[in-house]
Amino acid sequence: MLNWFKTVKALKEKGVLGMNDRNYSVIAKYNDRSLYTLVDDKVKTKQLANNINISTPKMIGIIEHQYEVKNLVKIVEGYKTFVIKPAHGSGGKGVLVIKDFDGEKFYSASGEVLTFKQVYQHVSNTLSGLFSLGGRYDVALIEETVNFSDVFKNFSYHGIPDVRVIVYKGFPAMVMMRLATKESDGKANLHQGGVGVGLDVKTGETLKAVLHNKPVTIHPDTGANLMDLKVPFWREHLLIGALAYDMTGLGYLGADIVLDKNRGPMMLEINARPGLAIQIANGLGLKTRLEEIDKHYPLGLSAEERVDFVLNN
Amino acid sequence: MKLAQIFSVRKSLTYLLILSMIYAAHSIYFKVKYWGFSFSPKEVTDIWTVDAKISFDAVDDKTRVILSVPSQNSRFNILSEEVVANGYRITQDREKNRVVFDGKGKKGRQNMYYRLSLYKDAKPNVVRDVPQKLERPILEEEEKMQMTKIWELAQLQEGDKVQKAIKVVNQEMANPSMSLVLPLKHTAKEFAEKLIQILAYKRIPARIARAVKLEEGKKTEKPGIMIEAYVDDSWKLYDLNTAKIGLPNNWIVFQRGGVSLLDVRGGENSKVMFSVLKSVATPMKMAEHRAKSNQALSQYKYSIYTLPVLEQNTLKWLMIFPLAILVVVILRNVIGVTTMGTFTPMLLAMSLVKTGFVEGLICFSIMIFLGLVMRAVVAKLNLLLVPRISFVVIFVILLIQLLTIVGYRLDSGLVSSAIFFPIIITAWIIERASITWEEEGARNTIKEILNTLLTAVVTYFVISNETVRHVMFAFNELNVVIMFIVMLLGTYTGYRLTEITRFAPLVNKD
Ligand SMILES: Nc1ncnc2c1ncn2[C@@H]1O[C@H](COP(=O)(O)OP(=O)(O)O)[C@@H](O)[C@H]1O
Ligand SMILES: [Mg+2]
């Protein structure tokens, strides 16, 4: 019991942001509820992003009604690889990455071979809301597959690593990279056993890495030294985050960014309620960081200026 | 600017909470005091029914019977009074605390009944009449000497003057010199009368009081005799044997002063037989009567306790929910337990109340287990979402039906309690669990189910507690307090208990 009080005191001193505090003092204050629709709908997010030159995977098409499902083959004509995902999905639910498609069989990224009927079924389920928030009717978004850059090849087991930038009032505040492991089954969520790597917001270099809340230095499956990680195009990553604020107006957001071989950093999605595990990966308290921005960061800067401010201070 | 805003929300909610607490405290005090509500559901009010059966032989053409009855001001509240006397004209004289029966042309043995139902109230026994100042009685020389002697001896006794006198008379009874005062063989009435004389010598007004002891099944022809004396500006009752002051518990005074308990004119061989019966009622049943006798009836009329029983029972069931909700809010926002759905645990807890704890849990586990197995089989069929959930719902209905029949045949409440679980909630838990299972593995699923069950169990223990249910119903203003507590919890920004462990690695150096 006494230990608990000590821990609470230490956590407060370190400025660790708790869930209640996040919801009450940050999200309720800076994220207007009406803005959620902008980021909960991936099609909308993509259109907004295109308008202000945030690069995202190119949209191939959308399927809105059950009777359109049979047009799938026509929609993806000319593509060997594509991704189907629910516009209102979350947590990777219902995302089907097709690596190869030969007109008969679909080969998924996770190694499954699917018939047309099975893919049809998947899209159908997507439309009926199986993967969506609150189970409501949804649309299926079909987009180009990201050509993942090889720089992180050794750092992730099967899955694709992504960079999560927490943006506060338009300033990139804290960043982490999420790496898949054998245990996390290609997914990069930390609570499913992914590795979280805290990145220095100024350099894109590793600060600290954790697996199941415990510090690690080596990837459990690939053996890569996590301390060697350095994200290229760092400024561009931060800029996507800063622009996401201009685009949505959300005072507190998380931008998920992946690195494409040819097109550079690309935004996959924006989260209006990003989680708090990033603090553990960075070994830093988020509240401290938010207060720093509140107090010392200037208002009225453009996205580029904000990124420069973060990089230079 | 913004910070000030938060501050004021919290502040105003705190004020409102305090206000609601003051309101609740006042209202509870009022209910306890004027309606007799209690915090314990087990508390009962004893209701005493005293039957006085009067019988006599009518001799004259005109007969009149006068029975002294308890005053309205006793510490008992009179619930009802009933008089049965065939062919008699009955007059109830509240002023003089008596009932008068007038008969004409009656012959032979007459029987009449006076029945009184009472319950004890918190108010004290007040007898307001003030006696006239007593002059010192004019006595013969011999008597005078006796009196002085008695009072001399009395000075050696303890207590107030009346107590001293009682003790002396009791002690000196065997003393031959006292035989003139009071024969060794005497009735309680004679004793009391003598005492009144002795007290009169000191100019203390005193009178006889006749009281019946309220004791289950008691039957008596002779009410107990006590002395009531006017000391220090109030009437006090004294026990003739022990000299103790005050009416013992569960005694009710039927008659006081010079009038007799029973006065029969135009008849002979009269007697009155008292018999006492006890019954019980909950304080809530008595509330209306208490409210009436305390001039608090108008408030009572607009309370939920005057509604028909059916509505009351529904409300009683509803009144427990704010507390259950509070428990869920605390478990989620302060402890940090993650459950399936916000109020699913609460609905489960409600079902457990109906099924019984162990039976409910076992039966529910069986249903979830079978449901998950079935759902896993169906997952292979790749059904669309709505039909699939519908399938689960129908499966659960069939399962409930099956379990109920089997339970009935085996005479096992354990199995048949299935019928009380909410179908949709059960189906939804199964669906949700099976999706979690596919996506996040068995461990997370089991963890989530256990968390939900745990929350349900905690909630169950709160809402199934007899006292809690009673208190939340009898003192329903507490729900207003709970409402503000819940709102105030909405501004709680401290760490959740589970977060302390979760974030501990951030500050623990290892
Ligand atoms: N266009 C794409 N190309 C390749 N992989 C993708 C693509 N879109 C999504 N993914 C994979 O699916 C995961 C979840 O997708 P995301 O758009 O973030 O949806 P969600 O809101 O469900 O998290 C990503 O982390 C990534 O691994
Ligand atoms: Mg994502």
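Criteria and thresholds
- Residues numbered from 1 in each chain as written.
- Chains lettered and ligands numbered in written order.
- Predicted model: local features only at pLDDT ≥ 70, side-chain atom pairs only at ≥ 80, totals over all residues.
- Heavy atoms only, no water.
- Helix = DSSP H or I, 4+ residues; strand = E, 2+ residues; numbered from the N terminus.
- Rg over C-alpha atoms; globule rule 2.2 N^0.38 Å.
- Buried < 20%, exposed > 50% of the residue type's maximum accessible area, 1.4 Å probe, protein only.
- Contact = heavy atoms within 4.5 Å.
- Lys, Arg positive; Asp, Glu negative; His and termini not counted.
- Charge placed at Lys NZ, Arg CZ, Asp CG, Glu CD.
- Pairing = 2+ DSSP bridges.
- Buried area = accessible area lost by both parts, 1.4 Å probe.
- Salt bridge = Lys/Arg side-chain N within 4 Å of Asp/Glu carboxyl O.
- Polar contact = N/O pair within 3.5 Å; in protein donor to acceptor, adjacent residues only side chain to side chain.
- Nonpolar A, V, L, I, M, F, W, Y, C, P; charged D, E, K, R; others polar.
- Patch = residues over 30% accessible without salt bridge, like charges linked within 9 Å, V, L, I, M, F, W, Y side chains within 5 Å.
- Areas by Shrake-Rupley, 256 points an atom, 1.4 Å probe, with all protein chains shown as cover.
- Near = heavy atom within 4 Å.
- Domains from an automatic or database assignment.

Caption draft 1: Highlighting the overall build of chain A. Of the regular secondary structure elements, chain A holds ten helices and 13 strands. Taking 2.2 N^0.38 as the reference for a compact globule, 313 residues should give roughly 20 Å; the C-alpha atoms of chain A span a radius of gyration of 20 Å, in line with that estimate. Projected onto its principal axes, the C-alpha positions of chain A cover 60 × 45 × 40 Å. In chain A, which comprises 313 residues, the proportion classed as buried is 53%. A sequence separation of at least 24 residues applies to 61% of the contacts in chain A between residues at least 6 apart. Side chains of chain A give 38 positive and 34 negative charges; the mean places of these two sets differ by 5 Å.

Caption draft 2: Region of the structure containing the sheet that holds strand β3 (residues 96-101) of chain A. All names here are of chain A. If you trace the six strands from one edge of the open sheet to the other, you get β1-β6-β2-β3-β4-β5, paired in antiparallel fashion. Looking along the sheet, the strands with just one partner apiece sit at the ends: β1 (59-63) and β5 (113-114). Bridge analysis of strand β4 (residues 106-108) against β5 gives two bridges, and the strand direction is antiparallel. Each bridged residue has a counterpart across the sheet, and for Phe106 the counterpart in β5 is Leu114.

Caption draft 3: A look at the interface of chain A and chain B. Facing 36 residues of chain A, the contacting portion of chain B comprises 31 residues. Interface area for chain A against chain B, summed over the two sides, is near 3,100 Å², with a carbon-plus-sulfur share of 62%. At the boundary of chain A and chain B, one finds zero salt bridges. Here chain A and chain B share eight residue pairs in polar contact (both at pLDDT 80 or more) between them. Residue assignment for the side of chain A that touches chain B shows that the elements contributing at least two residues are α1 (2-14), α2 (19-30), α6 (116-127) and α8 (277-282) of chain A. In terms of residue class, the side of chain A that touches chain B is made up of 14 nonpolar, 16 polar and six charged.

Caption draft 4: Spotlight on a positive patch on the surface. Residues and elements named next belong to chain B. On the surface, Lys133, Arg136, Lys144, Lys161, Lys202 and Arg203 cluster together to form a positively charged patch. Considering the arrangement of structural elements, one finds Lys144 in helix α2 (residues 141-154). A relative accessible area of 37% places Lys144 in the partly exposed class.

Caption draft 5: Structural context of unusual backbone geometry. A positive phi angle, close to 70 degrees, is found at Asn213 of chain A, a residue other than glycine. Secondary-structure assignment places Asn213 of chain A in the loop between β10 (206-211) and β11 (214-215). We classify Asn213 of chain A as partly exposed; its relative accessible area is 30%. A positive phi angle is found at Ala243 of chain B, which is not glycine, with a value near 65 degrees. Ala243 of chain B gets classed as buried once you look at its relative accessible area, which sits at 1%.

Caption draft 6: The site of ligand 1, seen in detail. All names here are of chain A. Neighbouring ligand 1 are 19 residues, the closest being Lys42, Lys85, Gly92, Glu143 and Glu269. Within the backbone of Gly92, an N or O atom sits 2.5 Å from an oxygen atom of ligand 1. Between ligand 1 and the protein, one listed contact pairs a nitrogen atom with a backbone N or O atom of Val146 at 2.9 Å. For ligand 1, whose accessible area on its own is 540 Å², the fraction buried by protein is 88%. Counting residues per element, the ones that place at least two in the shell around ligand 1 are β2 (82-86), β6 (140-144) and β13 (264-271). Of the residues in the shell around ligand 1, the class split is eight nonpolar, five polar and six charged. Residue assignment places the shell around ligand 1 across two domains, with domain 1 (2-39 + 149-312) and domain 2 (58-143) each supplying three or more.

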